[in-house]
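The primary structure of each chain is shown beneath.
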Amino acid sequence: MPKLPAPPIPAGLKPKPKRPGEGNGKPKPQDVAAEAGIHAVDWVDERTSLSGGLRWLMFRKVPKGTNWFYTLGSATLFAFLSQAVTGVFLAMYYDPSPIHAYESARYITNDVFLGQFVRGMHKWGATVMMILIFLHLGRTFFFGAYKYPRELNWVIGVVLLVLTMVMALTGYLLPFDQRSYWATIVADNINGTGPLVGPYLADFLRGGPEFGATTLSRFYSIHMLLVPGALIALIGAHLWLVAKLGTTAPPWLKVEPPEDLRKAKV
Ligand code: HEM
């Protein structure tokens, strides 16, 4: 891949040169504040060299014809972050025991400050994330972004999709009301009909032959520890590959030969 020239430092981060005879010799308070910010950034950068990595990540060449469909990946990422934030607040009040689960969810909705809002955001956010992930998958498929050299990113994407569906399945049980209880039993039985691994998978999800207390705590730990951890790691790998390989140009754009080749033809 060709090495891009180092991008310029943003104007806001450069100290302004002083004009001769400017002001009464004392710096303005806003300049002092700006300088303090620059010094703090410099201090961290000198010790970590983070700015090189950040510039590598942020200043990229984008293909011609990039359009709104390219924002679907970032929109999915935003939905995931929103789920993570609202989920943390729900976990502060939720109790994953069969006796208290329903009551704790009811308590969040009716008694906790903004509880209904946060629970609603988490519930609707799950649906929005599912829709966005499929739209993003469709975009990458129809733009041919799964082809060389991005096959690995496609494979990581498929795992992200499966994990997102696991989040939806395990989260559905947590309110522990009649609907979530029976719907999860149906889903678990459907898993059990899968070839070869099906019965083992259903058994693993139930945490034994019976659907009960172990199932709920198992679903909770998968929902808030195991799968989010895997999602964070895989989204990191996914984005690293996007930054490394760049995004695919829309398929309807004609490939233009590089400038030097065009000149060579004449
Ligand atoms: C948690 C789920 C996901 C997140 C947060 C995510 C995020 C992103 C982002 C931010 C981009 C760059 C911008 C863009 O092209 O939209 C991207 C690109 C890409 N994603 Fe995803 N993605 C996810 C799931 C998936 C899935 C399910 C697939 C396919 C099975 C997929 C395949 C790809 C591919 C192939 C690219 C490269 C696109 C290109 O080169 O034009 N991603 N993803």
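In this text the structure is predicted, and so the values were computed from the model without any measurement.

Rules used in this analysis
Residues numbered from 1 in each chain as written. Predicted model: local features only at pLDDT ≥ 70, side-chain atom pairs only at ≥ 80, totals over all residues. Heavy atoms only, no water. Near = heavy atom within 4 Å. Polar contact = N/O pair within 3.5 Å; in protein donor to acceptor, adjacent residues only side chain to side chain. Helix = DSSP H or I, 4+ residues; strand = E, 2+ residues; numbered from the N terminus. Donors = N, O, S within 2.8 Å, 3.2 Å for Na, K, Ca; no water. Tetrahedral: all angles 85-135°; square planar, octahedral: opposite > 155°, others 65-115°. Buried < 20%, exposed > 50% of the residue type's maximum accessible area, 1.4 Å probe, protein only. Expected span 1.5 Å × (residues − 1). Arc of directions from axis to C-beta. Contact = heavy atoms within 4.5 Å. Axes fitted to C-alpha atoms, helices over the stretch in contact; angles between N-to-C directions. Parallel < 35°, antiparallel > 145°, perpendicular 65-115°, else oblique. Patch = residues over 30% accessible without salt bridge, like charges linked within 9 Å, V, L, I, M, F, W, Y side chains within 5 Å. Areas by Shrake-Rupley, 256 points an atom, 1.4 Å probe, with all protein chains shown as cover. Salt bridge = Lys/Arg side-chain N within 4 Å of Asp/Glu carboxyl O.

With that settled, the discussion passes to the site of the ligand. Around the ligand there are 26 residues in total, and Tyr70, His136, Arg139, His238 and Thr248 lie nearest to it. Contact distances for the ligand include 3.1 Å between an oxygen atom and a backbone N or O atom of Gly73. At 3.1 Å from an oxygen atom of the ligand is found a side-chain nitrogen or oxygen belonging to Arg150. Contributing elements (two or more residues each) for the shell around the ligand: α3 (72-91), α5 (115-142), α6 (151-173) and α9 (213-245).

Moving on, we get to the coordination of the iron atom of the ligand. On the protein side, the iron atom of the ligand has His136 (NE2) and His238 (NE2) as donor atoms, found 2.0 to 2.1 Å from it. With 6 donor atoms in place around the iron atom of the ligand and angles of 85 to 179 degrees between them, the coordination shape is octahedral. In this pair, His136 sits in helix α5 while His238 sits in helix α9, placing the two residues 102 residues apart along the sequence. Neither residue differs from the other here; His136 and His238 are each classed as buried.

Now for helix α7 (residues 178-192). With 15 residues, α7 ought to run about 21 Å at 1.5 Å a step, and its terminal C-alpha atoms sit 21 Å apart, in line with that. Turning to α7, its buried residues are Ser180, Thr184, Ile185 and Asp188. Within α7, the buried residues cover an arc of 135 degrees as seen down the axis, which keeps them to one side. The exposed residues of α7 that point more than 90 degrees off its buried face are Gln178, Arg179 and Ile190. On the buried face of α7, the contacting elements are α6, α8 (198-206) and α9.

The next subject is the packing of α8 against α9. At a closest axis distance of 7 Å, the pairing of α8 and α9 adopts a crossing angle of 95 degrees. In this view, α8 runs roughly perpendicular relative to α9, as classed from their interaxial angle. Of α9, the residues touching α8 (which contributes Phe204, Leu205 and Arg206) are Thr214, Thr215, Arg218, Phe219 and Ile222.

A few words now on a nonpolar patch on the surface. On the surface, Leu54, Trp56, Leu57, Met58, Phe59 and Trp240 cluster together to form a nonpolar patch covering roughly 640 Å² of accessible area. With 4 residues, the top contributor of residues to the nonpolar patch is helix α2 (residues 50-58). One can find Leu54 in helix α2.

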